[in-house]
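# Residue-level structure breakdown
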Amino acid sequence: MTTTLDKTEGLGPAVAGAAPYITATFRIRRFNPEVAEEAAWEDFEIEIDPKERVLDALHKIKWEMDGTLTFRRSCAHGICGSDAMRINGRNRLACKTLIKDINPEKPITVEAIKGLTVLKDLVVDMEPFFQAYRDVMPFLVTTGNEPTRERLQSAEDRERFDDTTKCILCAACTSSCPVFWNDGQYFGPAAIVNAHRFIFDSRDEAGEQRLEILNDRDGVWRCRTTFNCTDACPRGIEVTKAIQEVKRALITRRF
Amino acid sequence: MKIHKYDTVIVGAGGAGMRAAIESTKRSRTAVLTKLYPTRSHTGAAQGGMAAALANVEEDNWEWHTFDTVKGGDYLVDQDAAEILAKEAIDAVLDLEKMGLPFNRTPGGTIDQRRFGGHSRNHGEAPVRRSCYAADRTGHMILQTLYQNCVKEGVEFYNEFYVLDLLLSEVDGVKRTAGVVAYDLATGEIHVFQAKAVIFASGGNGKFYKVSSNAHTLTGDGQAAAWRRGLPLEDMEFFQFHPTGIWRMGILLTEGARGEGGILRNKDGERFMEKYAPVMKDLASRDVVSRSIYTEIREGRGCGPEGDHVFLDLTHLPPEQLDAKLPDITEFARTYLGIEPYTDPIPIQPTAHYAMGGIPTNVQGEVLLDNTTVVPGLYAAGEVACVSVHGANRLGTNSLLDINVFGKRAGIAAAEYAATADYVELPEDPASLVVEQVERLRSSTGTERVTEIRKALQDTMDKNVMVFRTEQTLKEAVDEIAALRKRYKNVSVQDKGKRFNTDLLEAIELGNLLELAEVTAVSALARKESRGGHYREDYPDRDDVNFMRHTMAYREVDADGNESIRLDYKPVVQTRYQPMERKY
Ligand SMILES: Cc1cc2nc3c(=O)[nH]c(=O)nc-3n(C[C@H](O)[C@H](O)[C@H](O)COP(=O)(O)OP(=O)(O)OC[C@H]3O[C@@H](n4cnc5c(N)ncnc54)[C@H](O)[C@@H]3O)c2cc1C
Ligand code: SF4
Ligand code: FES
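Residues numbered from 1 in each chain as written. Chains lettered and ligands numbered in written order. Predicted model: local features only at pLDDT ≥ 70, side-chain atom pairs only at ≥ 80, totals over all residues. Heavy atoms only, no water.

### Brief notes about the pattern of salt bridges
Where charged atoms of side chains with opposite charge meet at close range, the side chains can pair. Within the structure shown, the criterion is met by 84 salt bridges over all chains. The partner of Arg 53 of chain A in a salt bridge is Asp 56 of chain A, and the shortest N-O contact between them spans 3.0 Å. Here Arg 53 of chain A and Asp 56 of chain A have matching classes, each one buried. Of the charged contacts, one joins Arg 536 of chain B and Glu 471 of chain B as a salt bridge, the two residues approaching to 3.4 Å between their closest N and O atoms. Placement of Arg 536 of chain B in the loop between α15 (502-526) and α16 (544-547) and of Glu 471 of chain B in helix α14 (residues 471-488) is noted, with a sequence separation of 65 residues between them. Residues joined in a network through salt bridges with shared partners are Asp 74, Glu 237, Asp 287, Arg 291, Arg 527, Glu 529, Arg 531, Arg 542, Asp 544 and Arg 582 of chain B. (Salt bridge = Lys/Arg side-chain N within 4 Å of Asp/Glu carboxyl O. Buried < 20%, exposed > 50% of the residue type's maximum accessible area, 1.4 Å probe, protein only. Helix = DSSP H or I, 4+ residues; strand = E, 2+ residues; numbered from the N terminus.)

Right under this line is the structure:
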């Protein structure tokens, strides 16, 4: 062997030295209707480097202990929105949560996000969530002839909706919202965030239509400003602020 | 088993698949089958930008872009295709802007552009600002914008459907496309999709490496399905290692970080790229920078107690610039390393990133059966395909471009084909291969575990088929992969259920990775030269006499059912540019 690449093994600790493994207990809410009608908690004890992600722990359990443990994931670094779940009672992405940051001395609880039907273990039915998103016309609407080159937009106008372009549709916000838990008809914060993204885009011409959609019985007025959504958002989007801006636009009709 | 019938079926809903879908839905009855929800696709992870010679901020033109692409690919690029890529880049970016993509803007309100590795003014004179970007989440914005437009156009998606087989039927001695077979993750049901045209847009196969920027789901399912049906794979030995992955994790830190002025340093704080690439320095092409990093490490100038990484230094850049231009990657450093990039350099190492090779196509996206013959009705676009616009090494920002240009082309070509062609009769018992594969895995009592075989595969690939290769390392890899493939026959899964059986799907994905790893290692062993991303220490020079040609690998099965790989070669299309020595 001539290369020096043999030192790249393992996800490994971020700081070299003896691997400071700990024993952690993951208490996972299991549900598989093919096996049992009721959901139940199950404990898994694993040895793991606390600087690894909760997703790494779930993989370790799935790959080494119980292959039936089921969850969604893809990118493993907080960009695809697959793995929102309730970890120690708070909505987070498993791939963006390091074990050391969630008090691993005590059992770490992991369960599916709330308000959407659980299909198996940590997998929920995302359809109602995406339907609410699709209902707010989440696409640019313009009229008239297209320009030959790009549409112009000042840096300030672009900045106006920058925050809400970051959304990865993970549903952490919507499934942390008490209004949504009680009434699945509510559009939920994520749909409003994505409406905001277009309402405040200077190039768009369908703001009025989207505002009317959100003026509905199940629209923005249901929001009780609990800030759960803002706390839950793994992209750091000021969700509550975006909802407030939409409410204000509905009152003033200026955006 | 359910049977569906569509004019056009698209496999994959990343950038390439959705760009194709927007075109083909307008022209033909189209279904998009995707194993992930569209917005979960790995296009969303792309950070740095999309190349186009818009000349919004400085003089530029598509001919310079073509040259950079050809040179970046170490002259293995098909130059007719590169020219199309560079020319159509401009409309591809403008199309996205019109669809709503929120690009960063210049003070004049036009699309802003920044520097990126290997992109230069006037044939290598100096770096040029060609990359159109939206902060460091350009891929996210492309994926979102395309999905938004798919919603607008009413594109029909089958989410969490895994395509596991391609159906070809022989008509009058000609292989033609009949459809695909898919597995519905939610129910475990098998669906046959009969289609006049099929477009593979199923992405890359980087997961046969461990330290990788690729998602867990990038397992080369499309390449493997075509391979098993006797179609060739082109240039699989060319795999790109991106210089700046987060040390040991592989998470990507965009080249845009160096485009904004970031500098690579060794343990002495030296800006070592000045030695290897005096003009382009930190912005030399990726293969050059990755090799330079490992040269530093091998010569004892790596950082950390084990000397196994180098630093990406952003500390001299104003925090406001980092916040505005590189917010996501600076957050990655904070989240995963606990490092503050304002004040501390970030430990990095090269990370397995991009498959230059794949299913061979022509510039219309039509899949090739050999060097020249197309398979009627079959198309491929995006990372799964090899046109070849990237040759031996892809330039940064050219893939987001590739998926848009060739996604669009494939979408139009497939729909137009479907408009005139007839359905080809499905083969008898069309789902048999998939049913058999799924049942075998589900009922197997074998003792081998997916996780162990996958780890062994990734270990051998990371060790032997990496940035530096030799006859010896490649032979070792070929042998080990063959042994792993034998063990794989005895693999079993724990989850025997039908509902969301990801245990089963991971086993199938591993099977795909094993086959593709073998093709990669065998192709690399035969290429006794160094070119672009393929560097042979025992053959350190480029050999244009013997190897200025694309590798075409074929799966052969003898009468006893034994598999082997046959290698053939395909000429490179050269138009304007004569091969020159590559210097940055
Ligand atoms: C971290 C990172 C950063 C990057 N940054 C840049 C950049 O700045 N500029 C640039 O030009 N390039 C960049 N690239 C490269 C570029 O992003 C990718 O090459 C490109 O996005 C691939 O797009 P795609 O549409 O071919 O595949 P993907 O986006 O990977 O999509 C693949 C699709 O296929 C589907 N699929 C896969 N298998 C199956 C199956 N069996 N059945 C059904 N569906 C299936 C998936 O669900 C998915 O929808 C980057 C890559 C990475 C990893
Ligand atoms: S707003 Fe934040 S929490 Fe809500 S879906 Fe988007 S990214 Fe997830
Ligand atoms: S796996 Fe992609 S966001 Fe966590």
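Structure shown, so let's carry the discussion forward.
### Re the site of ligand 1
All names here are of chain B. The environment of ligand 1 is formed by 39 residues, the closest being Ser 41, Thr 43, Glu 383, Ser 399 and Leu 400. Here Gly 14 contributes a backbone N or O atom positioned 3.2 Å from an oxygen atom of ligand 1. In the environment of ligand 1, an oxygen atom lies 2.7 Å from a nitrogen or oxygen atom belonging to the side chain of Ser 41. Secondary-structure elements contributing two or more residues to the shell around ligand 1 are α1 (15-27), β2 (30-34), β7 (161-171), β14 (346-355) and α11 (398-420). Here the element with the most residues in the shell around ligand 1 is α11; it accounts for four residues. (Near = heavy atom within 4 Å. Polar contact = N/O pair within 3.5 Å; in protein donor to acceptor, adjacent residues only side chain to side chain.)

### Section: the pairing of strand β20 (residues 563-571) of chain B
Within a regular beta strand, the side chains point alternately toward one face of the sheet and then the other, so they alternate between its two faces. All names here are of chain B. The pairing of strand β19 (residues 549-557) with β20 spans nine bridges and is antiparallel. Across the sheet, the residue bridging to Ala 553 is Leu 567, located in β20. Between β19 and β20, which pair antiparallel in sequence order, lie five residues; one of them, Gly 561, sits at a positive phi of approximately 85 degrees. (Pairing = 2+ DSSP bridges.)

### Focus on the UniProt feature "coiled-coil region" (unreviewed entry) in chain B
In the numbering used here, UniProt assigns the "coiled-coil region" (unreviewed entry) feature to residues 467-494 of chain B. Overall, residues 467-494 of chain B shows 64% helix and 0% strand. The separation of its end C-alpha atoms is 36 Å. (UniProt positions renumbered as here; feature names shortened; annotations may be inferred.)

### Comments concerning the environment of Asp 183 of chain A
All names here are of chain A. Position of Asp 183 relative to the elements: it lies in the loop between α4 (178-182) and α5 (189-199). Along the chain, Asp 183 and Asn 91 lie 92 residues apart, while their C-alpha atoms are 19 Å from each other. If we ignore the near neighbours within four places in the chain, the residues touching Asp 183 are Asp 218 and Arg 222. A polar side-chain atom of Asp 183 sits 2.8 Å from the main-chain amide nitrogen of Gln 185. (Contact = heavy atoms within 4.5 Å.)

### Brief notes about the domain arrangement of chain B
All names here are of chain B. Once the domains are mapped, chain B shows domain 1 (242-351) and domain 2 (432-550). Just the C-alpha atoms count here: the centres of domain 1 and domain 2 sit 29 Å apart. Facing six residues of domain 1, the contacting portion of domain 2 comprises seven residues. Buried area between domain 1 and domain 2, summed over both chains or domains, comes out near 590 Å², and the portion from carbon and sulfur atoms is 66%. For domain 1, the biggest contributors to the area lost against domain 2 are Arg 291, Tyr 294 and Arg 298; these three give 73% of the whole. Between domain 1 and domain 2 we count one salt bridge in total. Where domain 1 packs against domain 2, one counts two residue pairs in polar contact (both at pLDDT 80 or more). Here the side of domain 1 that touches domain 2 is composed, by residue class, of one nonpolar, two polar and three charged. (Domains from an automatic or database assignment. Buried area = accessible area lost by both parts, 1.4 Å probe. Nonpolar A, V, L, I, M, F, W, Y, C, P; charged D, E, K, R; others polar.)

### Thoughts on the confidence of the model for chain A
When pLDDT is averaged along chain A, the result is 92; 93% of the residues meet or exceed 70. This model gives residues 1-17 of chain A a pLDDT under 50, and the stretch forms 48 contacts once residues within four places in sequence are excluded. (pLDDT = per-residue confidence, 0-100.)

### Thoughts on the sheet that holds strand β10 (residues 233-234) of chain B
Residues and elements named next belong to chain B. Pairing is antiparallel across the open sheet formed by three strands, whose spatial order is β10-β19-β20. The outermost strands of the open sheet, each flanked by one partner alone, are β10 and β20. Sheet topology places β10 next to β19; two bridges connect them, and they run antiparallel. If you follow Glu 234 over to β19, its bridge partner there is Met 552. Helix α5 (residues 221-228) contacts β10, β19 and β20 of the sheet and is inclined by roughly 60 degrees relative to β19. Taken strand by strand, α15 contacts β10, β19 and β20, and its axis lies near 55 degrees from that of β20. (Axes fitted to C-alpha atoms, helices over the stretch in contact; angles between N-to-C directions.)

### Some points on unusual backbone geometry
Omega for the peptide link from Val 387 of chain B to Ser 388 of chain B comes to 5 degrees, which places this bond in the cis form. If you trace the backbone, Ser 388 of chain B turns up in the loop between β18 (385-386) and α11. Backbone geometry at Ala 171 of chain A places phi at a positive 75 degrees, although glycine is not the residue there. By the element assignment, Ala 171 of chain A lies in the loop between α3 (155-160) and α4. Judged by relative accessible area, Ala 171 of chain A falls into the buried class, the value being 2%. The phi dihedral of Phe 227 of chain A falls on the positive side, at around 65 degrees, and the residue is not glycine. Among the structural elements, Phe 227 of chain A can be located in the loop between α6 (207-214) and α7 (228-232).

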